[in-house]
Amino acid sequence: MQSTLRTQVLKAVAIVAMASAAVSCRTQAPASSTGTSTSTTSASERLTNERLTEQSLIPMPVSVTATNNLFELTSNTDIYVQDGSPELRNIGQYLANLLNPSTGLGIGVQTTQRAPKQGNIYLALRNDAALGDEGYELTITRDGVQLVANKPAGVFRGIQTLRQSLPARVEMTSQQAGPWQIPTGTIRDYPTYEYRGAMLDVARHFFGVEDVKRYIDLIAAYKMNALHLHLADDQGWRIEIKSWPRLTTHGGSTQVGGGKGGFYTQEQYKDLVRYAQERYITIIPEIDMPGHTNAALASYPELNCDNKARELYTGIEVGFSTLCTEKEITYKFIDDVVRELAAMTPGPFLHMGGDESHVTPMKDYIPFINRVQDIVEKHGKRMIGWDEVTNAKLKPSTVAQFWAKADYAKSAAQQGAKVIMSPATKAYLDMQYDSTTKLGLHWAAYIELDSAYIWDPATMVPGVTKAHILGVEAPIWTETLTNMEQLEYMAFPRLPGIAEVAWSPSTVRDWNTYKVRLGKHGARLKAMGINYYPSKLVQWSEQ
Ligand code: ACM
């Protein structure tokens, strides 16, 4: 099933009296002392006698200090948010919505002028420049939980850590037995890379609004902040463009294998954008061009040099289609599409593809990409393009997404453009785990969990250093993936690993400790209802 053309391109995270003093560590502490429990400690309490440093937190925080006690959520616990920030109140409600179904504690959200009395959770903003836009400080004592950040986004990221500090069963949607204890200590944490994304190909197989929302929830749990939607390809056009309606009515009517396809209305897309925004995730829409455009070419004959509409395409070859780069109508079309997309996209970026345009001569490709860059800028956005766009003259505001060719990534950095790191050999979540994997493809590599984890964006491509890199993105292409169960099997558990590559400093990343954390994290993946690949490289815990 693999594409011959791609092959050519790539052959290439109270009770107990602990004897020890506070433990501060920058990597996971060994699961050593179990502490000496007092005779008043019940069996269930002993089971949750874990130190904060022993929680299976993913991504690993910058620093974790354990103080060896426990805080317990009870039916008296509420979430208090600092008065004056509606955003914080929404975040408080998001946390309550996470905790209430499984705990059944009826945790409410209150506003307050100062830290609440003991037994509660407090969310607040505080000037702390070192935490940046998304960093946070989470302090858990016997008396309560305090989560502070510079910005609401930081509080939201910290909630993901708080969530992982509770027993895995907190993730379940039906009521579970307590106790709901959190080990005490302090976590200070902030991201290594500003951009931490996932890409979902909704063109090869269409995924509806509820599926995309689920994926947004899943990536949010690992502190990702961007969802790139691959909205148009040879097999389907998935976003309503009011000035060119046949793109969706005709171009969106099928998918790989000939199924009925589908598309998002502009209202549905805006709903997705809002849903993502509430999770501090930016949607990045991609319309791939000049290649990967058969769905458009099938919908409007005038976009073809020979004025003949193409047949709809339901196979998985790549590199055979191109917009007619020499016709003015092509640029009118692009301007209309970019204008409508920009108007419903609050984020700064529009992705314009640019990959695998094998039937567009380079003499036509370069002026085309230059012109597309101008159109995107005219509509107030920054262009992202797959690494091939480096053949053109990149604006400093443009971002090149490295997937295949190191020389292109290096050239983008030399041109002053930022780079997103998505090496197909490491970060493509549709690549098979090994030769026995039934779903997915392997044109770039077989990617087991260790391989997906063991790489450093800052040293992957000679000449592309941390200063050149905007961040890391894990794309998932859907030639072989038709539903969420299949999508989750390929994305999990590699996605949490890539999220750690993007968030955690290289000094706290280590496969041998990561695989132990991941093994314990398996119970949480299960509780979240995620259909994950149980790699033999990891010892999965039973709980
Ligand atoms: C790509 O995988 N063609 C960007």
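Details of the structure are given in the entry above.
Values in this document were obtained by computation on a predicted structure and should not be read as measured data.

A. How the structure looks around unusual backbone geometry. The step from G178 to P179 runs through a cis peptide bond, and the omega angle for that step is 0 degrees. Tracing the backbone through its elements, the reader meets P179 in the loop between α4 (152–165) and β8 (180–189). Look at the link from M289 to P290: it is a cis peptide, with omega at -5 degrees. Secondary-structure assignment places P290 in the loop between β12 (282–289) and α8 (294–299). Positive phi, close to 60 degrees, is recorded for Y280, a residue that is not glycine. Among the secondary structure elements, Y280 is positioned in the loop between α7 (266–277) and β12.

B. Main features of helix α16 (residues 494–503). Counting buried residues along α16, ten of its ten residues qualify, which places the element largely inside the surrounding structure. Looking only at α16, the buried set comprises R494, L495, P496, G497, I498, A499, E500, V501, A502 and W503.

C. Seen up close, the packing of aromatic side chains. Using the criterion set out here, one finds 21 aromatic pairs in the structure. Measuring from ring centre to ring centre gives 4.9 Å for Y532 and W540, while their planes differ by 50 degrees; the resulting arrangement is tilted. We classify Y532 as buried; its relative accessible area is 11%. Lying over the aromatic face of Y331, R371 brings its terminal NZ or CZ to 3.8 Å of the ring centre.

Reading the values: the criteria
- Residues numbered from 1 in each chain as written.
- Predicted model: local features only at pLDDT ≥ 70, side-chain atom pairs only at ≥ 80, totals over all residues.
- Heavy atoms only, no water.
- Helix = DSSP H or I, 4+ residues; strand = E, 2+ residues; numbered from the N terminus.
- Buried < 20%, exposed > 50% of the residue type's maximum accessible area, 1.4 Å probe, protein only.
- Phe/Tyr/Trp six-rings, centres within 6.5 Å; stacked < 30°, edge-to-face > 60°.
- Lys NZ or Arg CZ within 6 Å of the ring centre and 35° of its normal.

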